[in-house]
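Chain by chain, the residues:
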Amino acid sequence: MAVTSESTTVWTGTLAGGSGTTKLDSSGVAQFPVNWKARSEGEAGTTNPEELLGAAHSSCYSMALAHALTGAGHAPESIQTTAAVTFEAGRGVLGSHLLVSARVPGLTEAEFEAFAEDAKANCPISKALAGIPITIEAELA
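Okay, so let's go over this structure. Each chain carries its own residue numbering, running from 1 in the direction its sequence is written. Under the rules for a predicted model, residues below a pLDDT of 70 receive no local features and side-chain atom pairs below 80 are neither given nor counted, while totals for whole chains, interfaces and linings still include all residues. Based on all heavy atoms of the structure, the side-chain values leave hydrogens and waters out of the count.

**Things to note about the nonpolar core**
Then comes step 1: The biggest cluster of nonpolar side chains holds 22 residues, and the ones touching the most others in it are Tyr61, Leu65, Leu98, Val100, Val104, Phe112 and Ile136.
Then comes step 2: What counts as a helix is a DSSP run of H or I of at least four residues, what counts as a strand is a run of E of at least two, and both are numbered from the N terminus. For this core, the elements supplying multiple residues, two or more each, are α2 (49-71), β5 (92-103), α3 (109-122) and β6 (134-140).
Then comes step 3: No other element matches the 5 residues that α2 contributes to this core.
Then comes step 4: The residues touching Ile136, leaving out its near neighbours within four places in the chain, are Tyr61, His97, Leu98, Val100, Ala116, Glu117 and Lys120. For this analysis, a nonpolar core means a set of buried residues of the types Ala, Val, Leu, Ile, Met, Phe, Trp, Tyr and Cys, connected via side-chain atoms within 4.5 Å. The buried label applies to any residue whose accessible area, calculated with a 1.4 Å probe on protein chains only, is under 20% of its type's maximum; exposed applies above 50%, and partly exposed to all values in between. The contact criterion used is simple: two residues touch if any of their non-hydrogen atoms lie within 4.5 Å.

**Some points on the packing of aromatic side chains**
Then comes step 1: Think of it this way: a Phe, Tyr or Trp ring, Trp meaning its six-membered ring, pairs with another when their centres are within 6.5 Å, and the plane angle makes it stacked under 30 degrees, edge-to-face over 60, tilted otherwise. Taken as a whole and judged by the stated rule, the model has 1 aromatic pair.
Then comes step 2: Residues Trp36 and Phe87 carry aromatic rings whose centres are separated by 6.0 Å and whose planes lie at 85° to one another, so their mutual orientation is edge-to-face. You can see Trp36 sitting in helix α1 (residues 36-40) and its partner Phe87 sitting in strand β4 (residues 78-88), a full 51 residues away along the chain.
Then comes step 3: Accessibility expressed as a relative area gives 22% for Trp36, which makes it partly exposed.

**Let's talk about the pattern of salt bridges**
Then comes step 1: Just to be clear on terms, a salt bridge is a Lys or Arg side-chain nitrogen sitting within 4 Å of an Asp or Glu carboxyl oxygen. Within this structure, the stated rule accounts for 4 salt bridges.
Then comes step 2: Across the pair Glu77 and Arg103 runs a salt bridge whose closest N-O atoms are separated by 3.6 Å. Taken together, the positions of Glu77 in the loop between α2 and β4 and Arg103 in strand β5 put the pair 26 residues apart, joining distant regions of the chain.
Then comes step 3: Arg103 gets classed as partly exposed once you look at its relative accessible area, which sits at 41%.

And the structure:
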């Protein structure tokens, strides 16, 4: 069964001087302020598309890694993934870097690295981001 998720952004004003609000419509769990300054320079208390993309990538990756590990008989105790998405004005999204730490009993570091690389290549958000470099640092905790 396919699931369609929706988010809506309402923007007021110019790119540099305006601002907006992004709402997660499907779940209704959050609403975020957005503006150009947060995107191009960083601004506390205001998000940007790349931070939201990082949230999507880190959660999707963690799910893909948990699925692969469990399917191979190595149920993870925990997986922590940070996705650092880099944006440069005039150039766009330059890449996503995954920083992964997991507790998986009975797995060697080399075995874990293979699962981590496979999840990086095969998580649906990684596939959607095929036009940018995706790098990874993964280790057992």
